[in-house]
Amino acid sequence: MWLQTLPSGRAAKLLEAALRHPAAEPGVRYPAWYLRRWHCLPEGYLSDRSVVLYDRVVRPVYWTGNGSRGARLIARWLERTGARRVLEVAPGPGRLLASLRNRLPALEFRGIELSPYFVGMARGRLGDGAVIHGDARDLSRAMGVFDAVVAAHYLGHLPPDERGVAFEAMAAAVRPGGSVVTVEHRWHRWPESGSLRLKARRGAGFSELRFYRRAAGEGGER
């Protein structure tokens, strides 16, 4: 994976610039594994140039022309489960979030994204305040706040030992009886969760959507 490696000096400069970005929040930390050339993008997710390339080139390839189908399936699930407050983790440029909001304008949508450059792009698409800068592996301030959490092509990008942590953080962010929706390429391995139950699977090109429910508690859905 040498093509993905960022030289240490280059990574340090990109990190310094990211910390000064207008969308950056104080105290947000970047794990070492994040500082790489994701998808062979010149600066990974840490430059305006790279996030524009991701939005125009990488994302359409990832969805293989099935982004609209994915958004439609997620919107149907949110409607069926009666969700009102929805969080997307790692929304990147915010296209899925915007599509869901357009389909379900009565719902409240929020996002949390680690790249301040993606945050800036998503806010340009969705408005200020729609996406915050932060690490979705830690959602402790949002425990039980949301009716649903959506993660599209997020878990599969994490190191294997981080996927379970991120998945449980998503589960904790939804209320009892709430939902977690994941989208990943079919060849990625999904982590297990002790608090979520898989309810449905749907396909969208090379991607698979999985719909989970959190146990509602004693006497509720399990």
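You'll find the structure just up there.
None of the values given here were measured: they were computed from a predicted structure.

Comments concerning empty space enclosed by the protein
Under the counting rule described, the total for this entry stands at one cavity of 30 Å³ or more. There is about 410 Å³ of room inside the largest cavity. Taken together, 27 residues form the lining of the largest cavity, with Tyr-45, Ala-90, Glu-113, His-153 and Tyr-154 sitting closest to its centre. Of all elements in the fold, only helix H2 (48–63) and strand S2 (108–113) reach the threshold of two or more residues within the lining of the largest cavity. The class makeup of the residues in the lining of the largest cavity is 17 nonpolar, five polar and five charged.

Some thoughts on a positive patch on the surface
Together, Arg-69, Arg-72, Arg-76, Arg-80, Arg-103 and Arg-202 give the surface a local cluster of positive charge. Here the positive patch takes four residues from helix H3 (residues 67–81), the largest share from any one element. Take Arg-76: it is sitting in helix H3.

A word on the nonpolar core
Within the largest apolar cluster, 31 residues are counted, with the highest numbers of intra-cluster contacts made by Ile-74, Leu-78, Val-86 and Phe-109. For this core, the secondary-structure elements that each account for two or more residues are H3, helix H4 (95–103), helix H5 (116–126), strand S4 (146–152), strand S5 (174–185), strand S6 (196–204) and strand S7 (207–214). Sequence-distant contacts of Ile-74, defined by excluding residues within four places in its chain, comprise Leu-96, Leu-100, Val-150, Val-181, Val-183, Leu-209 and Phe-211. Core analysis: the next-biggest nonpolar cluster, separate from the first, contains 23 residues, Leu-87, Val-149, Phe-167 and Val-174 among them.

A word on the sheet that holds strand S1 (residues 85–89)
Across the sheet, which stays open at both edges, the seven strands sit in the order S3-S2-S1-S4-S5-S7-S6 with mixed pairing between neighbours. Across the chains shown, the open sheet's two edge strands, defined by having one partner strand only, are strand S3 (131–133) and S6. Averaged over neighbouring strand pairs, the angle between their axes works out to 20 degrees when direction is ignored. Taken together, the six bridges between S4 and S5 define a ladder with parallel strand orientation. Each bridged residue has a counterpart across the sheet, and for Ala-148 the counterpart in S5 is Ser-179. Of the strands in this sheet, S1, S2, S4, S5, S6 and S7 are in contact with H3, which crosses S7 at around 15 degrees. The strands touched by H5 within the sheet are S2 and S3, with S3 carrying the most contacts at an inclination of about 160 degrees.

Cut-off values and rules
- Residues numbered from 1 in each chain as written.
- Predicted model: local features only at pLDDT ≥ 70, side-chain atom pairs only at ≥ 80, totals over all residues.
- Heavy atoms only, no water.
- 1 Å grid on protein atoms, 1.4 Å probe; cavity = no way out; pocket = protein on both sides within 12 Å on 5 of 7 lines; lining within 4 Å.
- Points joined across faces, edges and corners; volume = space filled by probe spheres on them.
- Helix = DSSP H or I, 4+ residues; strand = E, 2+ residues; numbered from the N terminus.
- Nonpolar A, V, L, I, M, F, W, Y, C, P; charged D, E, K, R; others polar.
- Patch = residues over 30% accessible without salt bridge, like charges linked within 9 Å, V, L, I, M, F, W, Y side chains within 5 Å.
- Areas by Shrake-Rupley, 256 points an atom, 1.4 Å probe, with all protein chains shown as cover.
- Salt bridge = Lys/Arg side-chain N within 4 Å of Asp/Glu carboxyl O.
- Lys, Arg positive; Asp, Glu negative; His and termini not counted.
- Charge placed at Lys NZ, Arg CZ, Asp CG, Glu CD.
- Core = buried A, V, L, I, M, F, W, Y, C linked by side-chain atoms within 4.5 Å.
- Buried < 20%, exposed > 50% of the residue type's maximum accessible area, 1.4 Å probe, protein only.
- Contact = heavy atoms within 4.5 Å.
- Pairing = 2+ DSSP bridges.
- Axes fitted to C-alpha atoms, helices over the stretch in contact; angles between N-to-C directions.

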